[in-house]
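# Fold and contact review
For reference, the chains in residue letters:
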Amino acid sequence: MSQTLKAIQPLKAVRGTRDLLPPETELWNHIDATARRVFARYNFGEIRTPIFEDTQLFARGVGEETDIVSKEMYTWEDKARAQSEKAQSLTLRPENTAGVVRACIEHKLGEQGLLQKLYYIGPQFRRERPQKGRYRQFFQIGAEVIGPPSAGSESPLRDAEVLEMLATLLDELGITGWRLLINSVGTPQDRPRYIATLRSALQPVVGQMCADCQRRAETNPLRVLDCKHPEDQPIIATLPRIWDSLDEESRAHFEQVCEALDACGVPYEHDHRLVRGLDYYTRTTFEFQHGGLGAQNALLGGGRYDGLSEAIGGPRAPGIGFAIGEDRLVLTLQAQAETARADRADAYIAPMGEARNAMALGLARELRAAGLRVELGDGSFRLKKSFEIADKLARKIAILGEDEAASRILTVKDFATGEQMKVPWAELKAHLLPH
Ligand code: AMP
């Protein structure tokens, strides 16, 4: 008697995680290599910290009240396996700044009185609701400048230098149309003052706001400023600005950052609502945004964290850093390449040898009559030259050589996919139509 075999369901990647496949991985490697090259010019060195850490690091470093720590961490109890070990609560890193600062403290990196300039590239983990540009495992490219105040770690020049480096990196990657938003969230002394002002301003109006804002107004009123609900925007516009709660020193610091950016020609906008989601920020906060990303429009974020080292048990070591969402860089570059391709001609017809010119003109006429955008080469061009020109002007090249003319089957190459195929003359129109 034959037994019916139950079909085994194939397993899939976990929700919010993704496989990165070729040829896309080439783009990832290109981004990594460009970042490493730019960081090296600013004299940064690479640090690699563990992917999991003691849960306490994030609780103390990032802040218990933040969304990341309160809702999004992958945490587990690691049982003791030997008498010499203790059970420990561990967490997959949701961000890398706390880990880098922990490593600086552990290895006494600031002891020689110098600034530490460190960068990292690697995966981070947050249990967020997955959507385009937001994943549960995502990659960040980040850097930190940290050290004793005597090394100049508090100087506004450091902030401006980091921002200028980011502008350079985005430009070198070919990302166009980015916007830099900056703000100051002041010192830990300024913040409670502002939060108190904000709470009382929210009291009479919060009832008209969205459910999230009503909750945030209780737990973490700064987060109300992040609300994206269109109906809440007119109310948020009337709330007091953090700038009015800053002390003279914080204001002067911010103004000096702006002056340095002006001096080196990096464009920015002062966004009074940019408070960001991590508790450790002090003074400067910033975000680079890109319109092509939709709702998840932050390409990268960062800021100053002058108290973080002390919060996790280290010496006074002010610092500034950022994390770029590499997944979002990839999405932006892919969208840009798509737009650039959409701007090209549908086809470049390359006659091989002058004897093919007349036939090529006939073919171009036929395709143009069908509404296609066509560039016509010249039979005097060598194959290599035809390819080079076509790659700049068109999405596809159609080669019309002696064999093709005889068989009326053309060789067509798609520059986006690298695919080369034979297409009968009669099918060329349909083949070349943009999808
Ligand atoms: P944060 O560490 O929250 O300051 O985020 C820094 C940058 O990392 C953001 O601007 C995003 O580009 C990226 N990022 C943060 N969370 C995610 C996520 N869940 N998926 C993809 N990218 C993310």
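Residues numbered from 1 in each chain as written. Predicted model: local features only at pLDDT ≥ 70, side-chain atom pairs only at ≥ 80, totals over all residues. Heavy atoms only, no water.

Before going further, it helps to examine the sheet that holds strand E6 (residues 137-146). Strand order in this open sheet of eight strands is E1-E5-E6-E11-E10-E9-E7-E8, and the pairing throughout is mixed. Two strands bound the open sheet, and with one partner strand each, they are strand E1 (45-46) and strand E8 (269-270). Examined bridge by bridge, strand E7 (residues 178-184) and strand E9 (residues 282-290) share seven bridges and lie antiparallel to one another. Looking at E9, one finds that Trp178 is bridged to His290. (Pairing = 2+ DSSP bridges. Helix = DSSP H or I, 4+ residues; strand = E, 2+ residues; numbered from the N terminus.)

This part is about the domain arrangement of the protein. Here the protein is described as being made up of domain 1 (24-189 + 247-337) and domain 2 (345-432). Taken over C-alpha atoms, the centre of domain 1 sits 49 Å from the centre of domain 2. (Domains from an automatic or database assignment.)

What follows concerns the environment of Thr417. With respect to the helices, strands and loops of the structure, Thr417 is situated in the loop between strand E15 (409-414) and strand E16 (420-424). C-alpha separation for the pair Thr417 and Leu278, spaced 139 residues apart in sequence, amounts to 41 Å.

So, about the sheet that holds strand E13 (residues 374-376). One key point about sheets: their strands pair by backbone hydrogen bonds, in either a parallel or an antiparallel sense. Read across the open sheet, the five strands follow the order E13-E12-E14-E15-E16; overall the sheet is mixed. The sheet is open, and its two borders are formed by E13 and E16, each paired with just one other strand. Across the sheet, the mean angle from the axis of one strand to that of its neighbour is 25°, orientation sign disregarded. Across the sheet, helix H12 (residues 357-369) lies against strand E12 (347-351), E13, strand E14 (396-400) and E15, angled at about 170° from E13, the strand it touches most. (Axes fitted to C-alpha atoms, helices over the stretch in contact; angles between N-to-C directions. Contact = heavy atoms within 4.5 Å.)

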